[in-house]
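# Tertiary structure, described
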Amino acid sequence: MSAQLRFVLLLLTVTVSQCWLFGDFLGIKEKELDELALWPLPQKIQSSAVSFKLSPGSFQITHAKQSSAGPSCSLLENAFRRYFEYIFGDLKRQEKSRKKAFDSDVVELQVWITSSDPECDGYPNLQTDESYQLSVDEPSAVLKAANVWGALRGLETFSQLVYEDNYGVNNINKTDVSDFPRFPHRGILLDSSRHFLSLKVILANLEAMAMNKFNVFHWHIVDDPSFPFMSRTFPELSQKGAYHPFTHVYTPSDVKMVIEFARMRGIRVIPEFDTPGHTQSWGNGMKDLLTPCFSGSSPSGSFGPVNPILNSSYEFMTQFFKEISTVFPDAYIHLGGDEVDFSCCVHVLLDIVTATKKGYMVWQEVFDNGVKLKSDTVVEVWIGNKMEEELQNVTGAGFTTILSAPWYLDWISYGQDWQRYYKVEPLNFPGQFLRLIFFPSTDTQKKLVIGGEACLWGEYVDATNLTPRLWPRASAVAERLWSDKSVTDVGNAYTRLAQHRCRMVKRGIPAEPLFVGHCRHEYKGL
Amino acid sequence: MQQTADRFPLSPRLFSFNYGRDSSAQTGCSVLDAAFKRYFSILFPEFTKDEFFDAWSEPKSFVVTVSVKSRGCDGYPDEDSDESYNLGVGDGQAVLRSVSVWGALRGLESLSQLVYQDDYGSVSDSSPFNHADEIIIANCLNLSMQYFINKTEIVDFPRFAYRGLLLDSSRHYLPLHAILKTLGAFHPFTHIYTQSDVKRVIEHARMRGIRVVPEFDSPGHTQSWGRGSVPSGTFGPLDPTVDSTYQFMERLLKEVKIVFPDSYLHLGGDEVSFSCWQSNPNVRKFMEKMGFGKDFTKLESFYMESIMNLTAALNRTSIVWQDVFDYHERPRSRYVVEVWKQGCYLCEMRRVTKAGLKVVLAAPFYLDLPIPTHSWARYYNVRPLAFLGDDLIPLHTVLEIWKSEHYQTELSKMTKAGHRVLLSAPWYINHISYGQDWRNSYAVQPQNFSGTEEQKKLVIGGEVAMWGEYVDATNLTPRLWPRACAAAERLWSNEQLTLNADLAFPRLKEFRCELLRRGIQAEPLFVGHCKHEYDGL
């Protein structure tokens, strides 16, 4: 890290007085600062000042001998290549500098998958074990995880431990990390209906999610304005409901690509088909699906939600969700259910989805309106007003819940609003009434909060501004959902996050700045 | 503007720009030659690609004849540039007339906005295919669509001469392709603008009829200066009490004059914090000597006045932030008078002149003042008065209003004092908020303040400001466009015809899509889509 960067970062963390005395800060060791740059902060980390060199010529990421995974595990092979490039940059471009190759102190990172099934070809799910142990030492570093999902998280941490010294040489300190997520559901919601989002944008943001250890892509794929999802069963839906039938749609192979790209990074894809409201675009391709509105005694020409009195509506829904349940491998489908008058029969829809053997997620209104829900339903709390009360009620009724109310990132404001997202404590509600005082961790009601989501709704967002608007603001949510409850120091977070955003920029993600300053490798796009 | 439904097809192969016979600009005019090339590819982006193919209409030629009255292809646009133009579009031809090449540039932009594509090609009788066939062929061959322009007459000119955009390359470095200027740099090799970078920016701007006005903000906002040249040796604002500061500023401004051709130079003068000055015993002593008491705004005024004088001596018009005016405007204080009672004014005079007055004397515009000041004795008599009223801010200095509270009152006062004014207060678009905030920018009425017609004429325009605290190459462009477009229309168009934001919305929405088509990463105004979406990250 350059002296200038250090100067700038430190200036920001102290209150700026008019006569700056930057000499005071020069004593801080570079490595110490870089060690702080882990994001999200691991649960346990021990680090020493002993540093080792890493050279692209002699360092490699390998399968440990004892590992149940080997070279046939394409998920890990891909991850090895990806993280090697994150650490050393694109080697093709720097052929010349390779001549200066030196020996590595650490020659390999051994990845050791301990359970008999590494899940190389599987999908992550709500129960997935994402914990890992990482030990960095000479001459080998070892990353231990039950299966590939923990290994992916550990590879990210390893790559974040590597830092460039002033001569451009990669270093890593002797370190031990033992890490696991605080919450199992850590999601990002993107909205591809209000504006169409190209595959390029979606994939890049999946990359950024992995850098922040997010593990759920909540794909709000259709809504009132457009229906870009191309259904094989009902192709008219996108032919007539998308902004454009060819350029603004997701073909079945596009959807497959998103799911596979996400899987390779340990990310679940949960599609949301919001019904019975938010379905204006469905009506373009499906005649009679929506309820015609009347003015007086004659139809007004406009349409309301899905028409609940026609059998054809339910027949359509049955077939449609049957297709959805095969296209998306995740055990959950998000059924929406928000912002609609509940005179219509939501429970019938829920039964339809239950028949496909999928679990469902719903927005909080479905719970609020007393619709009978399956016991494994995930209720998403999104209304900021009385959020704690809602969490108390939902978990009190025994349902699992995720929180997105404080993290509507589409609501932008001037300044460092990431701090507001960072300061949220998701379990800040009373919880179980009769709780064992000596064993507060046995509060089963609080355990029903399984995570949260940062939502970037699409009214004002498309490919032009989505990525910088999401990152690094969503990173604040990432740390809240991964790291220990006690990790709350905003000043310390600032220092790490500023560097983490530079790391994202270096990896090609146009993450916007937190405040005044610069990155050694600035964004090259535009 | 008058337009009819008569439309004429344009074929890229038979489309050309020509200079009119009576035009004083002819082939070889750098600005227009380059503009023809630029607008051709804006009009017909597919033409440069191989797949372009005129499928279904009789190609017809279309000639745009440009006639410019006065010479000046190699000059720079300035405050007096005439940007008006007349454009007439008829069958097979368009005639664009302007006084200057800058007006011609504005006319070419309008022309490019008049051209549109028909989604499914020409449906005219001469079409060899029926409509459905055309769709299929267009999709199969990835053909471009047919271009059209309607019969149109335009008479156009800007409402304000100064329509600016402020970018801040100090708080975050903006790579050359994203920018403007400055010295202050974070990294001595990778984060600076060399003189040749600056030249490129200026030339790029000139070709588009854009003036580059550099701002070297002092005496505050100068922390980064201290690390290069050392004018003061402390870490507060510049030290206004020592000669070396003025010598440094003179050298700096002389260099700036050589590098930047524009007749305006922004001197800053905003947000000076006085705590460091206050802590410095030398500064305090100087304050005493000058009879400023403890009013540091007087010290700043003293400094700014000297710098404005320096600038005038270099034949440049100063722009300063409103703070400079506000300080001058403060009520008369008693202790200034008290200084006069302390005798030995000649000793005082000697000391004061040592502290930088000689540069002030060099300023030729002092001759224009109502009170003659070109004698030492008189000068000394006048000097303290400089801090009592606004009459000693040189009249041709342009004041820029940036504080959003009471900006109408400020407009009123400044213009009443006879100053020309630039408005940026309502257009600090680095302040983002949820929703369609372009409507706020659009609703601004720069001349809606109490004052005479003469006063209103002193508002020479405005600036959209994108300060850099939270902006760098990752997010600058989408934050700027199309939000800055709202102020652009306010500063160019007739206010009475453009007050309704709802009427502007569909036009702006379409224009944003046009920006995308031209490769500008402009963010959406609201839910919807464009035919050509941005395909980057």
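Residues numbered from 1 in each chain as written. Chains lettered and ligands numbered in written order. Predicted model: local features only at pLDDT ≥ 70, side-chain atom pairs only at ≥ 80, totals over all residues. Heavy atoms only, no water.

Going by what an unreviewed UniProt entry lists, chain B is known as Beta-hexosaminidase and is assigned to Danionella cerebrum. What UniProt records for chain B under Sequence similarities (unreviewed entry) is the sentence "Belongs to the glycosyl hydrolase 20 family." (UniProt positions renumbered as here; feature names shortened; annotations may be inferred.)

Chain A appears in an unreviewed UniProt entry as Beta-hexosaminidase from Danionella cerebrum. Recorded under Sequence similarities (unreviewed entry), the UniProt text for chain A is reproduced unchanged: "Belongs to the glycosyl hydrolase 20 family."

Right, let's talk about the overall build of chain B for a bit. In terms of helices and strands, chain B carries 18 helices and 13 strands. Evaluated residue by residue, chain B yields a buried proportion of 56% over its 537 residues. In chain B, the share of contacts with a sequence separation of at least 24, taken over all contacts with a separation of at least 6, comes to 75%. When the accessible area of chain B is evaluated, it comes to approximately 24,200 Å², of which 54% is carbon and sulfur surface. (Helix = DSSP H or I, 4+ residues; strand = E, 2+ residues; numbered from the N terminus. Buried < 20%, exposed > 50% of the residue type's maximum accessible area, 1.4 Å probe, protein only. Contact = heavy atoms within 4.5 Å. Areas by Shrake-Rupley, 256 points an atom, 1.4 Å probe, with all protein chains shown as cover.)

Here we come to the sheet that holds strand 8 (residues 185-191) of chain A. Residues and elements named next belong to chain A. Spatially, eight strands are ordered 8-9-10-13-14-15-16-17 in a closed barrel, and the strand pairing comes out parallel. Going across the sheet, the axis of each strand differs from the next one's by a mean of 30°, ignoring polarity. As defined by bridge partners, strand 9 (residues 216-222) adjoins strand 10 (residues 268-275) across six bridges and the pair is classed as parallel. The partner of Trp219 across the bridge, within strand 10, is Pro271. (Pairing = 2+ DSSP bridges. Axes fitted to C-alpha atoms, helices over the stretch in contact; angles between N-to-C directions.)

A few words on helix 2 (residues 101-114) of chain B. What sets the pattern is the α-helix's 3.6 residues per turn: residues three or four places apart point alike. Residue and element names in this part refer to chain B. When the terminal C-alpha atoms of helix 2 are compared, their 20 Å separation across 14 residues agrees well with the 20 Å that a helix rising 1.5 Å per residue should span. With twelve of its 14 residues buried, helix 2 lies for the most part within the structure. Those residues of helix 2 lying buried are Val101, Trp102, Gly103, Ala104, Leu105, Arg106, Gly107, Leu108, Ser110, Leu111, Ser112 and Leu114. The backbone nitrogen of Trp102 lies 3.2 Å from a side-chain oxygen of the residue at the head of helix 2, namely Ser100. (Expected span 1.5 Å × (residues − 1). Polar contact = N/O pair within 3.5 Å; in protein donor to acceptor, adjacent residues only side chain to side chain.)

Residue and element names in this part refer to chain B. Going through the model one piece at a time under the given rule, you end up with four disulfides over all chains. With its sulfur 2.0 Å from that of its partner, Cys513 forms a disulfide with Cys530. Across the disulfide from Cys513 to Cys530, rotation about the S-S bond amounts to roughly -75°, and the bridge is consequently left-handed. Remark: Cys530 occurs in the segment after helix 18 (501-517) and Cys513 occurs in helix 18; sequence separation between them is 17 residues. Of the residues examined, Cys530 reaches a relative accessible area of 2% and is grouped as buried. With no disulfide of its own, Cys485 has Cys513 as its nearest cysteine by sulfur position, at a separation of 12 Å. On the accessibility criterion, Cys485 (11% relative accessible area) is buried. (Disulfide = S-S within 2.5 Å.)

With that settled, the discussion passes to unusual backbone geometry. Here the amide bond leading from Thr275 of chain A into Pro276 of chain A is cis, since omega sits at -5°, within 30 degrees of zero. Across the junction of Trp481 of chain B and Pro482 of chain B, the peptide omega takes the value 5°, indicating a cis bond. Relative to the elements of secondary structure, Pro482 of chain B occurs in the loop between helix 16 (476-480) and helix 17 (483-492). Within the chain, His221 of chain B stands out as a residue other than glycine whose phi angle is a positive 55°. Since its relative accessible area comes to 36%, His221 of chain B is described here as partly exposed.

Once that is clear, we can look at the interface of chain B and chain A. Contact residues are listed per partner, giving 53 residues for chain B and 52 residues for chain A. Summing both sides of the interface, chain B and chain A together bury roughly 4,700 Å²; the carbon and sulfur share of this comes to 62%. On the chain B side of the contact with chain A, Tyr434, Tyr470 and Leu537 of chain B bury the most area, a combined 20% of that side's loss. Linking chain B to chain A there are four salt bridges. The partner of Asp462 of chain A in a salt bridge is Arg512 of chain B, and the shortest N-O contact between them spans 2.4 Å. Those elements that place two or more of their residues in the side of chain B that touches chain A are helix 6 (275-279), helix 16 and helix 18 of chain B. (Buried area = accessible area lost by both parts, 1.4 Å probe. Salt bridge = Lys/Arg side-chain N within 4 Å of Asp/Glu carboxyl O.)

To continue, consider the packing of helix 5 (residues 199-211) of chain A against helix 7 (residues 252-263) of chain A. Residue and element names in this part refer to chain A. Taken N-terminus to C-terminus, the directions of helix 5 and helix 7 make an angle of 10°; their axes are 10 Å apart at the nearest point. Put simply, helix 5 runs roughly parallel to helix 7. At the point where helix 5 passes helix 7, the crossing takes the right-handed sense. Contacts from Leu199, Ile202, Leu203, Leu206 and Glu207 of helix 5 reach helix 7 at Asp254, Met257, Val258, Phe261 and Ala262. Broken down by class, the residue content of the contact of helix 5 with helix 7 amounts to eight nonpolar, no polar and two charged. (Parallel < 35°, antiparallel > 145°, perpendicular 65-115°, else oblique. Left-handed = near helix turned anticlockwise from the far one by under 90°. Nonpolar A, V, L, I, M, F, W, Y, C, P; charged D, E, K, R; others polar.)

So, on to the packing of aromatic side chains. The full count for this structure, using the stated rule, is 58 aromatic pairs over all chains. Ring geometry for Trp363 of chain A versus Trp457 of chain A: centroids 5.8 Å apart, planes at 45°, classification tilted. Within this pair, whereas Trp363 of chain A is found in strand 14 (residues 359-363), its partner Trp457 of chain A is found in the loop between strand 17 (449-456) and helix 14 (466-470), the two being separated by 94 residues in sequence. Take Trp363 of chain A and Trp457 of chain A: they sit in the same class, and that class is buried. Consider the rings of Phe292 of chain B and Phe302 of chain B, whose centres lie 6.1 Å apart with planes at 55°: the pair is tilted. (Phe/Tyr/Trp six-rings, centres within 6.5 Å; stacked < 30°, edge-to-face > 60°.)

This paragraph deals with helix 1 (residues 30-43) of chain B. In a regular helix each residue adds 1.5 Å, so 14 residues correspond to 20 Å; helix 1 of chain B covers 20 Å between its end C-alpha atoms and thus fits that length. Buried residues of helix 1 of chain B: Val31, Leu32, Ala35, Phe36, Arg38, Tyr39, Phe40, Ile42 and Leu43 of chain B, and no others.

With that settled, consider the pairing of strand 5 (residues 140-145) of chain A. Looking along a regular strand, one sees side chains alternate from face to face of the sheet. Residue and element names in this part refer to chain A. The two faces of strand 5 differ: Ala141, Leu143 and Ala145 on one face are buried, but Ser140, Val142 and Lys144 on the other face are not. Relative to strand 5, strand 3 (residues 108-113) runs parallel, the two sharing six bridges. Residue Glu108 lies in a different strand from strand 5, and its bridge partner there is Ser140. As judged from the four bridges shared by strand 4 (residues 132-136) and strand 5, these two strands associate in the antiparallel manner. Looking at the pairing, Tyr132 lines up with Ala145 of strand 5.

Residues and elements named next belong to chain B. The residues that UniProt annotates with the feature "active site" (unreviewed entry) are Glu271. Looking at where Glu271 falls in the secondary structure, it is placed in the loop between strand 9 (264-268) and helix 6. Discounting residues that sit within four places of it in the chain, Glu271 has contacts with His221, Asp323 and Trp402.

By a widely used convention, the size of an interface equals the accessible area lost when the partners come together. All names here are of chain A. Taken domain by domain, chain A holds domain 1 (3-179) and domain 2 (185-506). Facing the 36 residues of domain 1 at the interface are 41 residues of domain 2. Carbon and sulfur atoms supply 58% of the area buried between domain 1 and domain 2, which totals about 3,400 Å² over both sides. The interface formed by domain 1 and domain 2 includes two salt bridges. Of the charged contacts, one joins Arg186 and Glu130 as a salt bridge, the two residues approaching to 2.9 Å between their closest N and O atoms. Linking domain 1 to domain 2 there are 18 residue pairs in polar contact (both at pLDDT 80 or more). At the level of secondary structure, the elements contributing two or more residues to the side of domain 1 that touches domain 2 comprise helix 1 (3-13), helix 2 (30-35), helix 3 (74-88) and helix 4 (148-161). (Domains from an automatic or database assignment.)

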